[in-house]
Amino acid sequence: MINPLAKELNDILSGSVVDALMSDMGKRLYFPNGIISQGGEAAKDAKVANGTIGMAVANGTPIELDSYKKLMPELNPSETVAYAKTAGNPDVRTIWKEKIIEKNPDLKNKKISTPILVPGLTAVLSYVCDLFVDADKPLLAADPSWDNYELIASARRGAEFHQFKCFEKGKFNVPGIEAAMKADAEKYGSVRIILNFPQNPSGYSPTKDEAKQLVKIVKEIAESGKKVLVLSDDAYFGLNYEDDIEPQSLFAYMADLHENVLAIKADGPTKEDFAWGFRTGFITFGSKGLSDQQITALTTKFMAAIRSSVSCSSTVSQSLVIHALKDPAHEAQKKELRKMLQVRYDTVRKFVNTHQSKVLEPLPFNSGYFMSFNVKTGNAEDIRKKLLAEKGIGIIQIDANTLRVAFSSIDEDKIEKVYSDIYNVADNI
């Protein structure tokens, strides 16, 4: 049974690409006219007393324990212990939208939503799957890919998890992506694909030419009448180490590509701004022809997913992000840390370019936090365990044939030894 409020949102979205792509759960979601909405009304008009929100308040200000206050003296109680709005603090949402456009200038004159704040990029992926993925709406991603994609799509949403081979003969596999997308489009009438760049686990981002090819593929499928959801997982956005990498998110090109394309951007300060534990992620979307009313309706659907799971995100994290983004020194500090990562990347690149292994073949990498090896013979897990037990070095086994190394977490002066040990253990196992 569809709630009348859900039906109202569905009617607004009727006939749009959002309507065509939505899951059964997406159709059912609505934002109740309950505590949150009534509390919002009271915040504006309750001049005498506001007894709507479950917080302890004195003289109009949330009560804050001194044990918290002394740790955050520059923030007021509304920035620390008060509840946040379901979609996030309006100020941080506005600032983040400005930053997205600043980093992706092709978005300057395009209509996109105001980013919705959620507790981390994993939550972005989870909510997108809630709205658009289910038993007869599979999710397509790279092979290899981050293991959480399959966990979210299959275990949580009961969907098929399809994969395309990310690399073929040592190169980014654009033809493989095209074939996989067209196969899903033909069988299901629609495609839902995650494009994660810089990619986890490989640390690869497409060149400018490869990015153009990906955009062309999506447009051709859309022009054939099929609906396409392109989710750009931009967790490591901007961490590029080579000159030929496409500098903008694919979202910048997909956001108004075609009426049959719904583009969604997943990003946040987690990796971009070195704030891993803040758990602040953003959902931003766009599609050619979506009206303001339809953008509001889809935003409301996402708010319903948030409200029905975590209710809202951490207030203090949002406050810290707002203040940091307004700090004139913020960008300069980021550049210094990115220089450090560039040095680590260069050191790893030099090693793999000058050393050979009978067992390990580096997958293409040029960006992000990671690089990975294809294990040509033997089993990746055996190498991982032996490396940990005998050398005290930890790396990740992605699957039976893939090992991931996070060079982002290895000091520069240790890289040579770490990689020498990885090669030696693999070749002598």
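The paragraphs below set out a description of the structure included in this document. (Residues numbered from 1 in each chain as written. Predicted model: local features only at pLDDT ≥ 70, side-chain atom pairs only at ≥ 80, totals over all residues. Heavy atoms only, no water.)

**Considering the nonpolar core**
Which entries qualify depends on this criterion: The set of buried Ala, Val, Leu, Ile, Met, Phe, Trp, Tyr and Cys residues whose side-chain atoms join them within 4.5 Å is what this entry labels a nonpolar core. For each residue, the accessible area found with a 1.4 Å probe, counting protein chains only, is set against the maximum for its type, and the residue is called buried under 20%, exposed over 50%, and partly exposed in between. Any two residues whose heavy atoms approach within 4.5 Å at even a single point are treated as in contact.
The biggest cluster of nonpolar side chains holds 45 residues, and the ones touching the most others in it are Phe-172, Met-181 and Ile-193. Other than its neighbours up to four places away in sequence, Met-181 contacts Leu-140, Val-191, Ile-193, Ile-217, Val-218, Ile-221 and Val-228. Listed in part, the 44 residues of the second largest apolar core include Val-17, Leu-21, Tyr-127 and Ala-266.

**Some thoughts on helix H18 (residues 412–428)**
Applicable threshold: Secondary structure elements are defined from DSSP: runs of H or I of at least 4 residues count as helices, runs of E of at least 2 residues count as strands, and each element is numbered from the N terminus. Given a helix with a known number of residues, its expected span is that number minus one, times 1.5 Å.
With 17 residues, H18 ought to run about 24 Å at 1.5 Å a step, and its terminal C-alpha atoms sit 25 Å apart, in line with that. Residues of H18 that are buried include every one of Ile-415, Val-418, Tyr-419, Asp-421, Ile-422, Tyr-423, Val-425 and Ala-426, and no others. Buried-residue contacts for H18 involve helix H16 (330–354), strand S12 (360–362), strand S13 (370–375), helix H17 (380–391) and strand S15 (402–406).

**Some points on the pattern of salt bridges**
Defined as follows: Only one rule defines a salt bridge in this text: a Lys or Arg side-chain nitrogen within 4 Å of an Asp or Glu carboxyl oxygen.
Overall, the coordinates contain 21 salt bridges when judged by the stated rule. Here Asp-134 ties to Lys-137 by a salt bridge, and the two come within 3.7 Å at their closest N and O atoms. One exposure class covers both Asp-134 and Lys-137, and it is buried.

**Brief notes about the side chain of Thr-402**
Rule in force here: For this analysis, a polar contact is any N or O atom pair within 3.5 Å, provided that within protein one partner can donate a hydrogen and the other can accept it, and provided that sequence-adjacent residues contribute only side-chain to side-chain pairs.
Note that Thr-402 resides in strand S15. By relative accessible area, which is 6% here, Thr-402 ends up buried. At 2.8 Å, the side chain of Thr-402 and the side chain of Asp-399 are in polar contact. Non-local contacts of Thr-402, meaning those with residues more than four positions away in its chain, are made with Pro-144, Leu-363, Ser-372, Phe-373, Val-375, Ala-380, Ile-396 and Gln-397.

**Focus: the packing of aromatic side chains**
Put simply, the rule is: Pairing of aromatic rings covers Phe, Tyr and the six-membered ring of Trp, with a centre-to-centre limit of 6.5 Å; geometry is then stacked below 30 degrees between planes, edge-to-face above 60, and tilted otherwise.
By the definition in use, this model includes 19 aromatic pairs. Between the aromatic rings of Tyr-345 and Phe-365, the centroid separation amounts to 5.5 Å while the plane-to-plane angle is 75°, which identifies the pairing as edge-to-face. Here Tyr-345, found in helix H16, pairs with Phe-365, found in the loop between S12 and S13; they are 20 residues apart in sequence, far enough to count as distant. Given the relative accessible area of 0%, Tyr-345 is considered buried.

**Details of the packing of helix H1 (residues 4–13) against helix H14 (residues 292–307)**
The description of two helices packed together rests on the angle between their axes and the distance between the axes. For clarity, the threshold we go by: Throughout, an axis means a line fitted to C-alpha atoms (over the contacting stretch in the case of helices), and angles, computed between N-to-C directions, take values from 0 to 180 degrees. Comment on the angle field: the value is read as roughly parallel under 35 degrees, roughly antiparallel over 145, roughly perpendicular from 65 to 115, and oblique elsewhere. For any pair of crossing helices, the crossing counts as left-handed if the nearer helix is rotated counterclockwise from the farther one by less than a right angle, and right-handed if it is rotated clockwise.
In contact at an axis separation of 9 Å, H1 and H14 are set at 140° when each is read in the N-to-C sense. Considering their axes alone, H1 and H14 lie oblique with respect to each other. Crossing hand, H1 versus H14: left-handed. Listed contacts from H14 to Ala-6, Leu-9, Asn-10, Ile-12 and Leu-13 of H1 are Gln-293, Gln-294, Ala-297, Leu-298, Thr-300 and Lys-301.

**Describing unusual backbone geometry**
Going from Phe-197 to Pro-198, the amide bond is cis rather than trans, its omega being -15°. Following the sequence through the fold, Pro-198 ends up in the loop between strand S8 (190–196) and helix H11 (208–223). Despite not being glycine, Asn-59 shows a phi value in the positive range, around 55°. Mapped onto the elements of the fold, Asn-59 is located in the loop between strand S1 (57–58) and strand S2 (61–62). Judged by its relative accessible area of 84%, Asn-59 falls in the exposed class. A positive phi angle is found at Lys-169, which is not glycine, with a value near 55°.

**Details of empty space enclosed by the protein**
Rule in force here: In this analysis the probe radius is 1.4 Å and the grid spacing 1 Å, with only protein atoms considered; a cavity is a set of points the probe fits into but cannot get out of, a pocket is an open set with protein on both sides within 12 Å along at least five of seven lines, and lining residues have an atom within 4 Å of a point. Grid points are joined across faces, edges and corners, and a volume is the space filled by probe spheres set on the points. Residues are grouped as follows: Ala, Val, Leu, Ile, Met, Phe, Trp, Tyr, Cys and Pro are nonpolar; Asp, Glu, Lys and Arg are charged; every other residue, Gly included, is polar.
One pass over the full model with this rule turns up two cavities of 30 Å³ or more. By volume, the largest cavity amounts to about 130 Å³. Along its surface, the largest cavity is lined by 16 residues, and Phe-197, Ser-205, Glu-246, Gln-248 and Ser-249 are the ones closest to its centre. Partitioning the lining of the largest cavity into residue classes produces eight nonpolar, six polar and two charged. Estimates place the volume of the second largest cavity at around 70 Å³. Taken together, Ala-141, Ala-142, Ser-145, Tyr-149, Phe-164, Cys-166, Ile-194, Leu-195, Asn-196, Phe-197 and Gln-199 form the lining of the second largest cavity. Residue assignment for the lining of the second largest cavity shows that the elements contributing at least two residues are strand S4 (139–143) and S8. With three residues, S8 is the single largest residue contributor to the lining of the second largest cavity. Of the residues in the lining of the second largest cavity, the class split is eight nonpolar, three polar and no charged.

**Comments concerning the layout of surface pockets**
Taken as a whole, the second largest pocket spans an internal volume of roughly 330 Å³. Lining the second largest pocket are 15 residues, and of these Lys-165, Phe-167, Glu-361, Leu-363 and Asn-374 lie nearest its centre. If you list the elements that add at least two residues to the lining of the second largest pocket, you get strand S6 (167–168) and S12. For the lining of the second largest pocket, the per-class residue count stands at five nonpolar, four polar and six charged.

**Structural notes on a nonpolar patch on the surface**
We apply this condition: Exposure above 30% relative accessible area and the lack of any salt bridge qualify a residue for a patch; like charges then connect within 9 Å, and the nonpolar side chains Val, Leu, Ile, Met, Phe, Trp and Tyr within 5 Å. Residue-level accessible areas treat just the shown protein chains as cover; the underlying method is Shrake-Rupley with a 1.4 Å probe.
Taken together, Leu-65, Tyr-68 and Val-81 make up a surface patch of nonpolar side chains, about 270 Å² in accessible area. Looking at where Val-81 falls in the secondary structure, it is placed in the loop between helix H6 (77–80) and helix H7 (90–103).

**What to know about the sheet that holds strand S14 (residues 396–399)**
Quick note on the threshold: Two strands qualify as a pair provided DSSP detects at least 2 bridges between them.
Judged by pairing direction, the sheet is antiparallel, and its four strands sit side by side in the order S12-S13-S15-S14 without closing on themselves. The sheet terminates laterally at S12 and S14, the two strands that pair on one side only. Strand-to-strand twist across the sheet, computed as the mean angle between neighbouring axes with direction ignored, equals 35°. Relative to S15, S13 is paired through five bridges, and the arrangement is antiparallel. Considered in S15, the bridge of Asn-374 is made with Thr-402. Contacts from H17 reach S12, S13, S14 and S15, with the element oriented near 175° to S14.

**Here we look at the pairing of strand S10 (residues 261–267)**
Within S10, seven of the seven residues are buried, leaving the element largely enclosed by the surrounding structure. Of the two faces of S10, the one carrying Val-261, Ala-263, Lys-265 and Asp-267 and the one carrying Leu-262, Ile-264 and Ala-266 are both buried. One ladder, built from six bridges, connects strand S9 (residues 227–233) with S10; its direction is parallel. Bridge pairing in S10 links Leu-229 to Leu-262. Here S10 runs beside strand S11 (residues 281–286); their pairing, made up of five bridges, is antiparallel. When the sheet's bridge partners are listed, Asp-267 is paired in S11 with Phe-282.

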